[in-house]
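Next come the chains, spelled out residue by residue.
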Amino acid sequence: MRLIHFRNALFAIVLLAGGTTAMASDLEKVLMPGEVIAAHAKTESTCSACHQAFKKASQSALCGSCHKDVAADVRAGKGFHGKAGKQECKSCHTDHKGRAARIVKLDVKTFKHEQTDFNLAGAHKTVVCAACHVKPAKFRDAPSACVACHRKDDAHKAALGTDCASCHNAADWKQARFDHAGTGFVLRGKHASAQCTACHAGPLAQQKLADTCVGCHKADDVHKGAMGPSCSNCHSETGWRETRFDHSKTGYPLLGRHLQADCSGCHKTPNVYRGAPKACISCHKADDRHAGTLGTDCQSCHQPQAWKPARGFDHAKTRFPLIGKHQQAACLGCHTAPDKYHNTPQACIDCHRKDDTHKGRNGIQCASCHDAKSWKTTSFDHARLTKFPLLGAHGRVTCVSCHKGDLYKDKLDMRCVACHRSEDPHQGKLGESCERCHAAENWKTVKVDHDATAFPLIGQHRTASCSACHKTAVYTDAPKKCSGCHAEQDVHKGRM
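Conventions used here
Residues numbered from 1 in each chain as written. Predicted model: local features only at pLDDT ≥ 70, side-chain atom pairs only at ≥ 80, totals over all residues. Heavy atoms only, no water. Helix = DSSP H or I, 4+ residues; strand = E, 2+ residues; numbered from the N terminus. Rg over C-alpha atoms; globule rule 2.2 N^0.38 Å. Contact = heavy atoms within 4.5 Å. Areas by Shrake-Rupley, 256 points an atom, 1.4 Å probe, with all protein chains shown as cover. Salt bridge = Lys/Arg side-chain N within 4 Å of Asp/Glu carboxyl O. Buried < 20%, exposed > 50% of the residue type's maximum accessible area, 1.4 Å probe, protein only. Pairing = 2+ DSSP bridges. pLDDT = per-residue confidence, 0-100.

J.: Talk me through the overall build of the protein chain; I want residue IDs and the actual numbers.
T.: Within the protein chain one finds 18 helices and four strands. For 496 residues, the compact-globule formula gives about 23 Å, and the C-alpha radius of gyration of the protein chain, at 56 Å, lies well above that figure. Structurally, the protein chain occupies a C-alpha span of about 145 × 110 × 25 Å along its principal axes. At a minimum sequence separation of 6, the contacts of the protein chain that also span at least 24 residues come to 42%. Only carbon and sulfur atoms are counted for the fraction: they give 58% of the accessible area of the protein chain, which is about 38,400 Å².

If you want it as structure tokens, here you go:
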């Protein structure tokens, strides 16, 4: 203690006397309490490598700058140093006690291995330290994987990987436990009671077991491979000879009378069930009274409950859904040939030609005016289906008032003057755009915007009657000069 006080006092004197930190460092070497261990000998001449003058708290950080692996464990909280908590390195390790001094205070007899990342369990507790910690390797570098120590004990020759702990435990290496479900092949039924060697005949390292039933039961396959390798579709682990089969999983569920049919009725080859026909016509061709004219989609009319009579036909699934009065019509009303339902005409006129009061003048698009609810009730949306919506008085006139000839061949002129030329009192002088003044509600009611003409009405002209200037219905002959109407009121007698 006296030496330490003397050293500190001497440092203070040196600095007060104007000495430098370098001088203080040289003085430290003179006052070094003893030699460092052999491992630190190369830094003995450089005190600053492990010490920072007047900053004792920085020593552990300097230790970590060299012992990076230990520092990393402390930061991560793992390993012996990480789990020991943060404390100064010098609390366990001291130096300057000579080259041969042991500064690692490790008592293997009292050391608690649970403070490391590898807790000793089972038989590991009885193993001597040197069995795993082999010199000159550091204690921290001892392997932790099972295979690192037990590779020579691996009877599987690495064929099962390196995860020994999935079967073996630390209590006894030879006592193995194994969850077969983890392999993807769960042992059920008779498989659970079978001996391992029944499937695993040789060393596991040499085995590549089949994952299909037929891999083991090929000799039991009465189908001779014709049904494929998926034996579990019919057979189960409870007993190979006990079979079960869900026909609905084949894509052809058995319904109605098919449930009562013998398997051999469709599956003609013994023990070969694949490839059986699925189309109705394959078995019922002799029952087809339509002689193939309706195709092979028998189930659209017939059902498995009974081939005769046919019911359940959904006409909506054809190109001609039945609506209105068509739902009440007899099948033979359109399908005139018995059992010949294919290629029946679908145009209205094919059945209703005799009902056509227009005698063909309106074309064959009957549905544009008539519907299936009632042939005599007509409906036609002139505004939606044509470019001439019927407004005002046009909605009250009969169709033939405008459509004199063929409805489709004769293109009508949609101008007002085409129908109303004879009613034009303006004798064509105001052009053909009648709608500028007249409206469809009433031809005689007019609305004129005089401001849109070459003579806008201003002043007292707005109150004058039309006939005061327009003497005839031609209107264009009205004078535009003031004198044309006001000659009698001209006090200037034309002199101006």
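Okay, back to it.
J.: Which residues make up the pattern of salt bridges, and what values go with them?
T.: Scanning all chains against the criterion turns up 10 salt bridges. Measuring nitrogen to oxygen at the nearest pair gives 2.5 Å for the salt bridge that ties R140 to D73. With R140 in the loop between α6 (129-132) and α7 (146-150) and D73 in helix α4 (residues 68-76), this pair connects stretches of sequence that are 67 residues apart. On the accessibility criterion, R140 (36% relative accessible area) is partly exposed. Classification of D73 by relative accessible area gives buried; the value is 7%. Between D451 and R462 there is a salt bridge, with its nearest N and O atoms 3.7 Å apart. Of this pair, D451 sits in the loop between α16 (416-420) and α17 (466-469) while R462 sits in the loop between α16 and α17, placing them 11 residues apart in sequence. The class of R462 is exposed, set by a relative accessible area of 54%. Salt bridges here are not isolated pairs; linked through shared partners, they connect D69, D73, K138 and R140.

J.: Give me unusual backbone geometry: which residues, what numbers.
T.: Going from K135 to P136, the amide bond is cis rather than trans, its omega being 5°. Turning to its location among the elements, P136 is positioned in the loop between α6 and α7. A positive phi angle is found at H96, which is not glycine, with a value near 65°. Mapping H96 onto the fold places it in the loop between α5 (79-83) and α6. With relative accessibility at 23%, the residue H96 sits in the partly exposed group. With a phi angle near 55°, K359 is a residue other than glycine that sits in the positive phi range.

J.: How would you explain the pairing of strand β4 (residues 374-378) if you had to name every residue and give the values?
T.: Both strand β3 (residues 370-371) and β4 contribute to a ladder of two bridges, which runs antiparallel. Pairing of H370 across the sheet is with T378, part of β4. Hairpin connection of β3 to β4: two residues between the antiparallel strands.

J.: Before we move on, can you summarise the confidence of the model for the protein chain with the specific residues and values?
T.: Chain-level pLDDT for the protein chain is 81 on average; 91% of the residues reach the 70-or-more range. The low-confidence segment residues 1-7 (pLDDT under 50) makes one contact with residues lying over four places distant or belonging to another chain. This stretch, residues 9-21, has a pLDDT under 50; its non-local contacts, to residues over four places away or in other chains, come to 11 contacts.

J.: Would you mind going over the pairing of strand β2 (residues 239-243) in detail, with residue names and values included?
T.: Strand direction decides the pairing type here: strand β1 (residues 235-236) and β2, joined by two bridges, are antiparallel. Of the residues in β2, the one forming a bridge with H235 is T243. Connecting β1 to the next strand, β2, in antiparallel fashion are two residues.

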